[in-house]
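# Observations on the three-dimensional arrangement
Here are the chains, one letter per residue:
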Amino acid sequence: MNEETLQSALSNPQNLGEMPDADAVGTVGSPDCGDMVRMWLKYKEKDGKKVIDKASFQSFGCQTAIAVASLATELIRGKTKEEALQMSAAELSAPLGALPPMKIHCGQMVEGALKAALEADSVTAPAPVSTPVNFGSPTLMDSLAAAGKSAGKIKIVLQE
Ligand code: FES
């Protein structure tokens, strides 16, 4: 893994934060580690095609997930939905070099969030999220679900 690229993505993450005027949002959680990534997409028309104008992300995850998400939001700019759907976790994290085996799921989580966002514009209502019994404090899933309701289009996918 390229430590220099990792550190520079971490010290200056690109496109970090919620996008209020997004066209779509997707969220994926990893049961492996309990981390989550949410990605927002905004489209525009270019040469008669709908392409990704910009993307942003929030990560409740490890440093690798943050770095891959930052790089991915740059890599997908200008791509059509079909082109972006073709991008694998390895392509999205390519600037970091090969991820060590225990970090492969971090890149896959970013790929999952991107795919969920790309597919979210066919989702008209947020999927109901079953809330486990909790004792007062909201879980991360609860707060994401609540934020998702205000954001409109949301799709929450738990990775295998
Ligand atoms: Fe879980 Fe990186 S350790 S996303």
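Look up a bit, the structure's there.
Remember, it's a predicted structure, so these values are computed and weren't measured experimentally.

Conventions we followed
Residues numbered from 1 in each chain as written. Predicted model: local features only at pLDDT ≥ 70, side-chain atom pairs only at ≥ 80, totals over all residues. Heavy atoms only, no water. Helix = DSSP H or I, 4+ residues; strand = E, 2+ residues; numbered from the N terminus. Buried < 20%, exposed > 50% of the residue type's maximum accessible area, 1.4 Å probe, protein only. Contact = heavy atoms within 4.5 Å. Areas by Shrake-Rupley, 256 points an atom, 1.4 Å probe, with all protein chains shown as cover. Salt bridge = Lys/Arg side-chain N within 4 Å of Asp/Glu carboxyl O. Core = buried A, V, L, I, M, F, W, Y, C linked by side-chain atoms within 4.5 Å. Expected span 1.5 Å × (residues − 1). Pairing = 2+ DSSP bridges. Axes fitted to C-alpha atoms, helices over the stretch in contact; angles between N-to-C directions. Parallel < 35°, antiparallel > 145°, perpendicular 65-115°, else oblique. Left-handed = near helix turned anticlockwise from the far one by under 90°. Nonpolar A, V, L, I, M, F, W, Y, C, P; charged D, E, K, R; others polar. Polar contact = N/O pair within 3.5 Å; in protein donor to acceptor, adjacent residues only side chain to side chain. Phe/Tyr/Trp six-rings, centres within 6.5 Å; stacked < 30°, edge-to-face > 60°. Lys NZ or Arg CZ within 6 Å of the ring centre and 35° of its normal.

## Side note on the overall build of the protein chain
Scanning the protein chain from terminus to terminus reveals six helices and four strands. Counted from the first residue to the last, the protein chain has its helices and strands arranged as α-β-β-β-α-α-α-α-α-β. Across the 160 residues of the protein chain, 41% fall into the buried class. Expressed as a percentage of contacts within the protein chain between residues at least 6 apart in sequence, the contacts between residues at least 24 apart total 65%. About 8,200 Å² of surface is accessible on the protein chain, with carbon and sulfur atoms providing 54% of the total.

## A word on the pattern of salt bridges
Using the criterion set out here, one finds four salt bridges in the structure. Glu74 serves as the salt-bridge partner of Arg77, at 3.7 Å between the closest nitrogen and oxygen. Assessed through its relative accessible area of 41%, Arg77 is described here as partly exposed.

## Notes on the nonpolar core
Note on soluble globular proteins: their nonpolar side chains tend to be buried together. One finds Leu41 and Ile76 to be the most contacted residues of the largest nonpolar core, which totals 31 residues. When contributions to this core are tallied by element, the ones reaching two or more residues are α1 (3–11), β2 (36–46), β3 (49–60), α2 (63–75) and α5 (104–119). The dominant element in this core, judged by the number of residues it contributes, is α5, at eight residues.

## A closer look at unusual backbone geometry
Positive phi, close to 60 degrees, is recorded for Asn15, a residue that is not glycine. Within the secondary structure, Asn15 is located in the loop between α1 and β1 (24–29). By relative accessible area, which is 22% here, Asn15 ends up partly exposed.

## Comments concerning α5
Between the first and last C-alpha of α5 there are 23 Å, a value that for 16 residues agrees with the 22 Å anticipated at 1.5 Å per step. For α5, a buried count of twelve out of 16 residues is recorded, marking the element as mostly surrounded by other parts of the structure. Among the residues of α5, His105, Cys106, Gly107, Met109, Val110, Glu111, Gly112, Ala113, Leu114, Ala116, Ala117 and Leu118 are the ones counted as buried.

## Quick word on the pairing of β2
Judged by how many residues are buried, β2 sits mostly within the fold: eight of eleven residues are covered. Two successive antiparallel strands, β1 and β2, enclose a turn made up of six residues, where Gly34 displays a positive phi of approximately 80 degrees. With eleven bridges joining them, β2 and β3 adopt antiparallel strand pairing. The residue of β3 that forms the bridge with Leu41 is Ala55.

## Remarks on the packing of α2 against α5
Taken N-terminus to C-terminus, the directions of α2 and α5 make an angle of 40 degrees; their axes are 9 Å apart at the nearest point. Taken together, α2 and α5 sit at an angle that is classed as oblique. Every pair of crossing elements has a handedness; the one defined by α2 and α5 is right-handed. On the side of α2, the interface is formed by Thr64, Ala65, Val68, Ala69 and Ala72, while α5 contributes Cys106, Gly107, Met109 and Val110. Of the residues that constitute the contact of α2 with α5, the class distribution is seven nonpolar, two polar and no charged.

## Some words on α2
Between the first and last C-alpha of α2 there are 18 Å, a value that for 13 residues agrees with the 18 Å anticipated at 1.5 Å per step. Looking at the buried side of α2, the elements it contacts are α1, β2, β3, α4 (89–92) and α5.

## So, the side chain of Ser56
Mapped onto the fold, Ser56 is located in strand β3. One polar contact links the side chain of Ser56 to the main-chain carbonyl oxygen of Gly17, over a distance of 2.7 Å.

## Quick look at the packing of aromatic side chains
Any aromatic ring pair is given by two values, namely how distant the centres are and how the planes are angled relative to each other. Under the counting rule described, the total for this entry stands at zero aromatic pairs. It is Lys50 that lies over the ring of Tyr43; its NZ or CZ is 4.4 Å from the centre.

Honestly, that's just the spatial picture; any functional story needs more than this.
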